[in-house]
Amino acid sequence: MFKPQIQKTKILLIIAFINVMLVLIVANSKTYIKQPNFDIRVEAANLMSELINSVKQMDGIFIEDLDYYNSGLIGRLNSHITSKVDSAIIDSKIITTHSHFAAFIVYLLEDLDLNPGDDIAIAMSGSFPGANIALLSACSKFNLNPVVISSLGSSSFGANRENLTWIDFEKYLYDEGLIVNKSIAVSIGGREDLGDNLSDAGIELLEQKIFESKIKFINEEDLFKNIDKKWKLYNNKSRNYKAFINIGGGASSLGDG
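Let me sum up the structure you'll find in this document. Note that this is a predicted model, so its numbers are computed, not measured. (Residues numbered from 1 in each chain as written. Predicted model: local features only at pLDDT ≥ 70, side-chain atom pairs only at ≥ 80, totals over all residues. Heavy atoms only, no water.)

### Concerning the side chain of Thr82
Within the element layout of this structure, Thr82 appears in strand E1 (residues 82–84). A polar side-chain atom of Thr82 sits 2.8 Å from a polar atom in the side chain of Ser79. Side chain to side chain, Thr82 and Asn160 meet in a polar contact 3.0 Å long. If we skip the residues at most four places from it in the chain, Thr82 touches Leu77, Ser154, Ser155, Ser156, Asn160, Asn197 and Leu198. (Helix = DSSP H or I, 4+ residues; strand = E, 2+ residues; numbered from the N terminus. Polar contact = N/O pair within 3.5 Å; in protein donor to acceptor, adjacent residues only side chain to side chain. Contact = heavy atoms within 4.5 Å.)

This is the structure we're talking about:
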């Protein structure tokens, strides 16, 4: 029976050999191109790793089973200061606790065309302590000047332990000399940025914590007055911001909804 030349075993072996050789040539001809600000990304990730390792030394830190990277930054499903209970958001909380998230923040900052020494306004919430630390790490290595106002309420698995709110983490890192910027003021957060969806016990707990920390407390009559107060505080620090960055679902940044 007639068999085309290309179907002969000898020809097929030659073709297979050639294909293998081509794959080997391609595999060994890679060119590594260092991305812009590669060194800054690495430094930011290393700093975030250092900060997280320090946080794990805090009193009261508990590594949850869901804390995949053993960061100590994953909180509980619910508590008195939890502004939104949702078990489905755990993945987003875990992702931000990996030290490489700081490198990702640097990558995002690159698109803003920022220069060393630039002032940036930052709104943080207690919902993503990992992302907060990542941003502070990135700002440090980018030599930016962050002006931070935080809200303390947290959705599930954030900084929602009553003894480990975001200002507890922030104060610890600042007192240890590991960060040079901390919040200039805080609000309660939650609905209307006034904690309307928190229990009375949760609001009292946060108010007591704010009083003991001696940090400026933003607690006006309604959301719009809270927003106005925050912008006045931002403007008191600088009139030349190059960016506004928000972390979390704070009502004063995204609206109450």
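Let's pick the thread back up.
### Focus: the pairing of strand E3 (residues 145–151)
Regular strands place their side chains on alternate faces of the sheet. Extensive coverage of E3 is indicated by the burial of 6 of its 7 residues. Judged from the 7 bridges that link them, strand E2 (residues 119–125) and E3 form a sheet pairing that is parallel. Pairing of Ser125 across the sheet is with Ser151, part of E3. Handedness of the crossover is the feature at issue here: the chain leaves E2, passes through helix H5 (residues 129–142), returns alongside E3, and the resulting connection is right-handed. (Buried < 20%, exposed > 50% of the residue type's maximum accessible area, 1.4 Å probe, protein only. Pairing = 2+ DSSP bridges. Right-handed = clockwise from strand over helix to strand, strands pointing away.)

### Some remarks on the sheet that holds strand E6 (residues 216–217)
The strand order across the open sheet formed by 5 strands is E6-E5-E3-E2-E7, and the pairing between neighbours is parallel. The open sheet has two edge strands, E6 and strand E7 (241–246), and neither has a second partner. Note: strand E5 (residues 185–187) against E6, 2 bridges, orientation parallel. When the sheet's bridge partners are listed, Ala185 is paired in E6 with Lys216. In this fold H5 packs onto E2, E3 and E7, with an angle of close to 165 degrees to the strand it touches most, E2. (Axes fitted to C-alpha atoms, helices over the stretch in contact; angles between N-to-C directions.)

### Overview of the packing of helix H4 (residues 100–110) against H5
Across the interface, H4 lies against H5 with an axial gap of 8 Å and an inter-helix angle of 60 degrees. The orientation of H4 relative to H5 falls into the category oblique. The handedness of the crossing between H4 and H5 is right-handed. For the pair H4 and H5, contact is made by Phe101, Ala102, Ile105, Val106, Leu109 and Glu110 and by Ala131, Ala134, Leu135, Ser137, Ala138 and Phe142, respectively. (Parallel < 35°, antiparallel > 145°, perpendicular 65-115°, else oblique. Left-handed = near helix turned anticlockwise from the far one by under 90°.)

### A few points about the pattern of salt bridges
Overall, the coordinates contain 10 salt bridges when judged by the stated rule. Here Arg76 makes a salt bridge to Glu162, at a shortest N to O gap of 3.5 Å. With a gap of 86 residues between them, Arg76 in the loop between helix H2 (38–55) and E1 and Glu162 in the loop between strand E4 (154–155) and helix H6 (166–175) connect regions that are remote in the sequence. Notably, a salt bridge pairs Lys225 with Glu221, separated by 2.8 Å at the nearest N-O pair. A relative accessible area of 65% means that Glu221 is categorised as exposed. (Salt bridge = Lys/Arg side-chain N within 4 Å of Asp/Glu carboxyl O.)

### Some remarks on the packing of aromatic side chains
The tally for this structure, following the rule as stated, stands at 7 aromatic pairs. On the numbers, 6.1 Å between centres and 80 degrees between planes, the contact of Tyr234 with Tyr241 is edge-to-face. Residue classification places Tyr234 among the buried positions, given a relative accessible area of 3%. Here the aromatic residues Trp231, Tyr234, Tyr241 and Phe244 are joined through ring pairs into a cluster of three or more. In this arrangement the basic side chain of Lys93 is found over the ring face of Phe128, its NZ or CZ atom lying 4.9 Å from the centre. (Phe/Tyr/Trp six-rings, centres within 6.5 Å; stacked < 30°, edge-to-face > 60°. Lys NZ or Arg CZ within 6 Å of the ring centre and 35° of its normal.)

### Some thoughts on unusual backbone geometry
Despite not being glycine, Glu192 shows a phi value in the positive range, around 65 degrees. Tracing the chain through its elements places Glu192 in the loop between E5 and helix H7 (200–213). Glu192 sits in the partly exposed class, given a relative accessible area of 25%. We note that Asp193 has phi near 60 degrees; this positive angle belongs to a residue other than glycine. Relative to the assigned elements, Asp193 resides in the loop between E5 and H7. Asp193 gets classed as buried once you look at its relative accessible area, which sits at 1%.

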